[in-house]
Each structure stands twice: as C-alpha cells, then as structure tokens.
Amino acid sequence: MTRFCALVGADGAGKSYLADQIARHLTDTGRSDVVVAAKDQPFDGGSLAAARLLGMHRLTWSYPNDEEVWAYPREYWLYQIMAWFTLFYEQEVQPALERGAIVVTDGWHFKHHARFRLAPDPNLVALADQLFARLFQPDLVLLLDTPANIAAARKAGTSKPSEHGAFDTGSGTLDPADMAAFHHAQSTALNGVLANHPATLLRMEHTITPAEALALITEARRSR
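In this text, all values refer to a predicted model and were calculated from it rather than measured experimentally.

Here we come to the overall build of the protein. When helices and strands are tallied, the protein shows nine helices and five strands. In the protein, the succession of helices and strands from N to C terminus is β-α-β-α-α-β-α-α-β-α-α-α-β-α. Taking the principal axes of its C-alpha atoms as reference, the protein extends roughly 45 × 40 × 35 Å. Looking at the protein as a whole, 47% of its 224 residues are labelled buried. Carbon and sulfur atoms form 54% of the exposed surface of the protein, whose accessible area is close to 10,900 Å². Looking at the protein, you have 20 positive and 25 negative side-chain charges, and the mean spots of the two groups are 5 Å apart.

Quick look at the structure:
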C-alpha cells in the first residue's frame with residue numbers, strides 16, 4: 001500500500017510547483033487523507049526542532065548565490081544533506097504517516113544522490129550510495145520528465161550556480177547552456193539511481209495537473 005510518495009526530477013523539473021498545486025487542490029477539495037510535506041514550507045517556530053530545521057534550511061538550501069559553496073568539501077555537503085533529510089523525515093513526514101495519511105514530498109534524496117554520482121571520486125560515490133540508502137525510502141516515485149530547455153526557462157533569474165554544474169566545473173556561471181548540459185547529465189544519473197530503487201516508479205509529463213497526480217497516487221495505493 002502506497003504511503004510515502006516523492007515527486008522527483010532534475011533541477012527545474014517543477015517538483016515544488018506541482019507539490020504546491022497539489023496542496024492547494026487538497027485544500028480546495030477538503031481532502032485530509034493526503035499531506036504535502038515541502039522542504040520550503042514554513043515550519044512551526046514554536047518548537048526547538050522546528051527552529052533547528054529552519055536553521056539547517058538556511059545552511060543547506062537558502063545560501064546566497066555569491067557564496068562559493070562548491071569550494072567546500074563534497075563530503076561536507078553529503079553529510080549536511082543527510083542530516084537535513086533525516087530530521088525533516090522525523091519531524092514532518094513520519095508524524096503524518098503515523099496518522100495514516102499518504103505523504104507527498106517535493107523531492108527526496110534522489111536528485112542530490114544523482115549529483116554525487118557525477119563526482120570523479122569513486123570512493124565518494126560509493127559513500128553517497130551507502131548513506132542515501134539508509135534514509136527512509138518512499139514506496140512510490142513520480143518522476144517529472146521535463147525537457148532541459150523548459151527547466152532552464154523556469155529557473156531563469158532564480159537558479160543557483162550548483163544548478164549549472166558548479167560542483168563539477170568549479171565556476172559560478174549562470175549560463176543557460178551550462179544549466180542545460182548539467183540537466184542532461186543529472187537526468188541520466190537520476191535514471192541510474194532510480195533504476196535500482198525498489199519503489200514503484202511512474203513517469204509523468206511536465207504538464208501533469210495536481211488532480212492527475214493525485215489520481216496516480218490513489219490508484220497506486222489501491223493496486224499495491
């Protein structure tokens with residue numbers, strides 16, 4: 001039975017937008033059996049755990065574009081990302097699962113796992129494979145197959161150097177051509193990561209509506 005669904009795709013695929021639209025659709029239709037857990041959602045500042053998540057969010061995802069984050073060791077980013085997903089699952093995903101809800105996340109570790117697959121150091125790739133496998137895994141993956149040119153257009157003016165391959169090139173360029181090339185490499189690596197994952201994998205067009213996505217999730221829950 002499907003309980004945990006991750007919206008997955010390369011940078012600019014539209015995961016966060018679709019997750020937001022699904023959340024709005026759930027509110028409009030009064031459904032409470034599905035919960036959207038988004039990494040960029042506002043956290044309840046009343047708890048120390050939420051404050052910690054907020055602080056980790058700033059360090060992991062909300063750093064300024066002019067910070068040369070690719071200069072930090074990749075091992076640092078691997079452990080930082082692992083720490084984020086570990087705490088995010090414990091605080092935001094697990095409680096909803098325990099209430100019996102289906103949880104939909106705007107991504108999971110897969111995109112980042114794919115980035116580490118592009119690293120030139122085979123020992124780092126092996127370490128990333130080992131660590132990401134220890135995270136709690138979704139049982140349904142909805143993969144947004146978004147063409148590189150559409151992804152680049154969506155991210156125009158808001159992309160970070162990391163989405164242009166900065167960890168591989170060591171450059172802070174925001175050239176759309178670099179993003180398209182990185183999107184292709186990341187998508188190929190992402191397909192490799194998902195090929196060996198036990199979750200049910202459904203590929204979606206980038207034009208899918210929230211109602212269509214929810215129908216796929218509901219059908220998967222009935223058929224498993």
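Now that the structure is up, let's keep going.
Turning our attention to the nonpolar core. Among soluble globular proteins, nonpolar side chains are generally buried collectively. Counting residues in hydrophobic clusters, the biggest one holds 44 residues, and the most contacted among them are Val93 and Trp108. It is helix α3 (residues 74–98) that contributes the most residues to this core, 12 residues altogether. The residues touching Val93, leaving out its near neighbours within four places in the chain, are Phe4, Ala37, Phe88, Val103, Thr105 and Trp108. In terms of nonpolar packing, the next biggest core, distinct from the first, is built from 20 residues, Ile22, Val36, Val104 and Met204 among them.

Our next topic: α3. Between its terminal C-alpha atoms α3 stretches 34 Å, which fits the 36 Å expected from 25 residues at 1.5 Å a residue. Along α3, the sharpest kink reaches roughly 45 degrees, centred on Tyr89.

Before going further, it helps to spend a moment on the environment of Trp77. Among the secondary structure elements, Trp77 is positioned in helix α3. With residues near it in sequence (within four places) discarded, Trp77 still touches Leu59, Thr60, Tyr63, Val69, Tyr72, Phe116 and Phe167.

Quick look at the confidence of the model for the protein now. Of all residues in the protein, 96% have pLDDT values of 70 or greater, and the mean over the chain is 90. Helix α5 (residues 122–132) holds the highest mean pLDDT among the elements of the protein, 97, whereas helix α6 (residues 148–155) holds the lowest, 81.

A separate point is the pairing of strand β3 (residues 102–105). Alternating positions in β3 separate into two faces, Ile102 and Val104 on one and Val103 and Thr105 on the other, with burial throughout. Pairing analysis gives three bridges linking strand β1 (residues 4–8) to β3, with the strands arranged parallel. Residue pairing across strands places Ala6 opposite Thr105, the latter belonging to β3. Sheet topology places strand β2 (residues 34–37) next to β3; four bridges connect them, and they run parallel. Bridging from a neighbouring strand, Val34 pairs with Ile102 of β3.

On to the packing of aromatic side chains, then. Tallying each qualifying case throughout the model produces 16 aromatic pairs. For the ring pair Trp61 and Trp84, a centre distance of 6.1 Å and an interplane angle of 85 degrees mean the geometry is edge-to-face. Of the two residues, Trp61 is situated in the loop between α2 (48–60) and α3 and Trp84 in helix α3; the sequence distance between them amounts to 23 residues. Members of the aromatic cluster, joined through ring pairs, are Phe4, Trp61, Trp84, Phe85, Phe88, Tyr89, Trp108 and Phe136. Geometry around Tyr63 places Lys160 over its ring, the cationic atom sitting 4.4 Å from the centre.

Rules used throughout
- Residues numbered from 1 in each chain as written.
- Predicted model: local features only at pLDDT ≥ 70, side-chain atom pairs only at ≥ 80, totals over all residues.
- Heavy atoms only, no water.
- Helix = DSSP H or I, 4+ residues; strand = E, 2+ residues; numbered from the N terminus.
- Buried < 20%, exposed > 50% of the residue type's maximum accessible area, 1.4 Å probe, protein only.
- Areas by Shrake-Rupley, 256 points an atom, 1.4 Å probe, with all protein chains shown as cover.
- Lys, Arg positive; Asp, Glu negative; His and termini not counted.
- Charge placed at Lys NZ, Arg CZ, Asp CG, Glu CD.
- Core = buried A, V, L, I, M, F, W, Y, C linked by side-chain atoms within 4.5 Å.
- Contact = heavy atoms within 4.5 Å.
- Expected span 1.5 Å × (residues − 1).
- Bend = angle between axes of the 7 residues up to and from the residue.
- pLDDT = per-residue confidence, 0-100.
- Pairing = 2+ DSSP bridges.
- Phe/Tyr/Trp six-rings, centres within 6.5 Å; stacked < 30°, edge-to-face > 60°.
- Lys NZ or Arg CZ within 6 Å of the ring centre and 35° of its normal.

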